[in-house]
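Structural features, examined
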Amino acid sequence: FLETAAYFCMKPKMGEKEVSPHSFFSIWHEFSSDFKDFWKKENKLILQERVKEAEEVCRQKKGKSLYNIRPKHDSGIVSKICSNT
């Protein structure tokens with residue numbers, strides 16, 4: 001524990017000889033809570049961007065028709081009867 005505290009340059013509080021686990025982990029808890037909150041916000045923003053990109057791709061694909069509509073040719077019995085009268 002003391003090596004870890006020294007790695008993060010933790011110094012004991014006034015009147016203490018060594019860094020106590022309580023002081024170290026209280027700071028660590030605050031840091032990890034803030035990091036988790038920022039992580040969630042960033043992931044939400046990334047997800048929103050990806051949804052917008054997917055919607056744009058979907059709109060572009062809908063804009064291009066995947067099939068061609070040909071005009072109807074009058075070749076049935078009704079068209080022959082109607083053209084003779």
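Residues numbered from 1 in each chain as written. Predicted model: local features only at pLDDT ≥ 70, side-chain atom pairs only at ≥ 80, totals over all residues. Heavy atoms only, no water.

Under the annotation held in an unreviewed UniProt entry, the chain carries the name FMN2 protein and is attributed to Bucco capensis.

**Thoughts on the packing of aromatic side chains**
Remark: the centre distance and the inter-plane angle together describe each pair of aromatic rings, the angle taken between the planes. Scanning the entire structure with this criterion turns up 10 aromatic pairs. Taking the centre distance of 5.8 Å and the plane angle of 55° together, the rings of Phe8 and Trp28 count as tilted. Here the residue Phe8 occupies a position in the loop between helix 1 (2-7) and helix 2 (21-63), and Trp28 occupies one in helix 2, the gap between them amounting to 20 residues. Among the aromatic residues, those joined into a ring-pair cluster are Phe1, Tyr7, Phe8, Phe24, Phe25, Trp28, Phe31, Phe35 and Trp39. (Phe/Tyr/Trp six-rings, centres within 6.5 Å; stacked < 30°, edge-to-face > 60°. Helix = DSSP H or I, 4+ residues; strand = E, 2+ residues; numbered from the N terminus.)

**Regarding the side chain of Ser23**
Among the secondary structure elements, Ser23 is positioned in helix 2. Within the structure, the side chain of Ser23 is placed 2.9 Å from the backbone oxygen of Ser20, a separation counted as a polar contact. Setting aside its immediate chain neighbours within four residues, Ser23 contacts Met10 and Lys13. (Polar contact = N/O pair within 3.5 Å; in protein donor to acceptor, adjacent residues only side chain to side chain. Contact = heavy atoms within 4.5 Å.)

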